[in-house]
Every structure is written in structure tokens, then in C-alpha cells.
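Below, each chain spelled out in residue letters.
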Amino acid sequence: MVERRLEKQICPECGVTSVVEILYGMPSSDAFEDAERGDFILGGCVIIGNDPSRGCTSCGWRGEVPGSSQA
Ligand SMILES: [Zn+2]
């Protein structure tokens, strides 16, 4: 099992530290449990190409957080 680094970031929309990674693809059962805890968001299995990598579990905002580049 892959260990995930969960660093929640501040949402630019609502200001709450609830911004987590959006997980695309077919989630495992573990992923469902983590998503229910708010550790990340399930983005679904359809990937368009420029999907946001971060989402807010508080207000539903999705996008990119400045300075959070993983590249
Ligand atoms: Zn928010």
C-alpha cells in the first residue's frame, strides 16, 4: 500500500485548511474510507486532461493552490 503524505492547505475560496488532493481513477476500498474522513477527494474515473489537482472538502472549490506544485 502506498503511503500518502497528507498536507492540507488553505482554501483560497473559504480560507479553511481543508484543501486536499483530488484522487482520480478507480479508487480502492481504502481510498473510499480516506475520502470519507476528508483526507482527499474522489475525482471520479473520467480524466479530462486539465483537471484540478486540489479540492476543498469544506466549500467544494477545486483548482490549483499556488506554491503547491508537485512537479
Ligand atoms: Zn473552501
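Keep in mind it's a predicted model, so treat the numbers as computed, not measured. (Residues numbered from 1 in each chain as written. Predicted model: local features only at pLDDT ≥ 70, side-chain atom pairs only at ≥ 80, totals over all residues.)

### Observations regarding the overall build of the chain
Here is the rule we go by: Secondary structure elements are taken from DSSP: a helix is a run of H or I of four residues or more, a strand is a run of E of two residues or more, and numbering for both begins at the N terminus. Each residue is classified by how many other C-beta atoms fall within 10 Å of its C-beta atom, where C-beta atoms are placed from the backbone; a count of 20 or more means buried, 12 or fewer means exposed, and values in between mean partly exposed. Here, residue contact means that the backbone-derived C-beta atoms of the two residues sit within 7 Å.
Each helix and strand in the chain was counted, giving one helix and five strands. N-terminal to C-terminal, the α/β element order of the chain is β-β-α-β-β-β. Expressed as a percentage of the 71 residues in the chain, the buried residues total 15%. Of all intrachain contacts in the chain linking residues separated by at least 6 positions in sequence, the fraction that spans at least 24 positions is 42%.

### Some remarks on helix H1 (residues 29-37)
For H1, the buried fraction is low: zero of the nine residues fall into the buried class. One or two positions beyond H1, positive phi appears at Gly38, with a value near 90 degrees.

### What about the confidence of the model for the chain?
How we decide: For every residue, the predictor states its confidence as a pLDDT score lying anywhere from 0 to 100.
On average, residues of the chain score 84 in pLDDT, and 85% of them reach the 70 mark or higher. Looking across the chain, the model is least confident in strand S3 (residues 41-44), with a mean pLDDT of 89, and most confident in strand S4 (residues 54-56), with 94.

### Describing the pairing of strand S2 (residues 17-24)
Put simply, the rule is: A strand pair is defined by DSSP finding two or more bridges across the two strands.
Bridge count for strand S1 (residues 9-10) against S2 is two bridges, and the pairing is antiparallel. Bridge pairing in S2 links Ile10 to Thr17. One ladder, built from three bridges, connects S2 with S4; its direction is antiparallel. Bridge pairing in S4 places Val20 opposite Gly55. Strand direction decides the pairing type here: S2 and S3, joined by three bridges, are parallel.

### Considerations on the environment of Ile10
Here Ile10 shows up in strand S1. Residue Ile10 is classed as partly exposed on the basis of its C-beta count, with 13 C-beta atoms lying within 10 Å. Among residues more than four places away in sequence, those in contact with Ile10 are Gly15, Thr17 and Val19.

### Some words on the nonpolar core
To keep it simple, the criterion reads: Connectivity within a nonpolar core runs through C-beta atoms within 7 Å, and the core itself is a set of buried Ala, Val, Leu, Ile, Met, Phe, Trp, Tyr and Cys residues.
One finds Cys11, Val19, Val20, Leu23, Phe40, Ile41 and Cys56 forming the largest nonpolar core, which totals seven residues. Of all the elements, S2 adds the most residues to this core, at three residues. The residues touching Ile41, leaving out its near neighbours within four places in the chain, are Val20, Ile22, Leu23, Ala35, Gly55 and Thr57.

### Brief notes about the environment of Glu21
Within the secondary structure, Glu21 sits in strand S2. For Glu21, a count of 20 C-beta atoms within 10 Å gives the class buried. C-alpha separation for the pair Glu21 and Leu42, spaced 21 residues apart in sequence, amounts to 8.7 Å. Not counting the four nearest positions on each side in its chain, Glu21 is found in contact with Phe40, Ser53 and Arg54.

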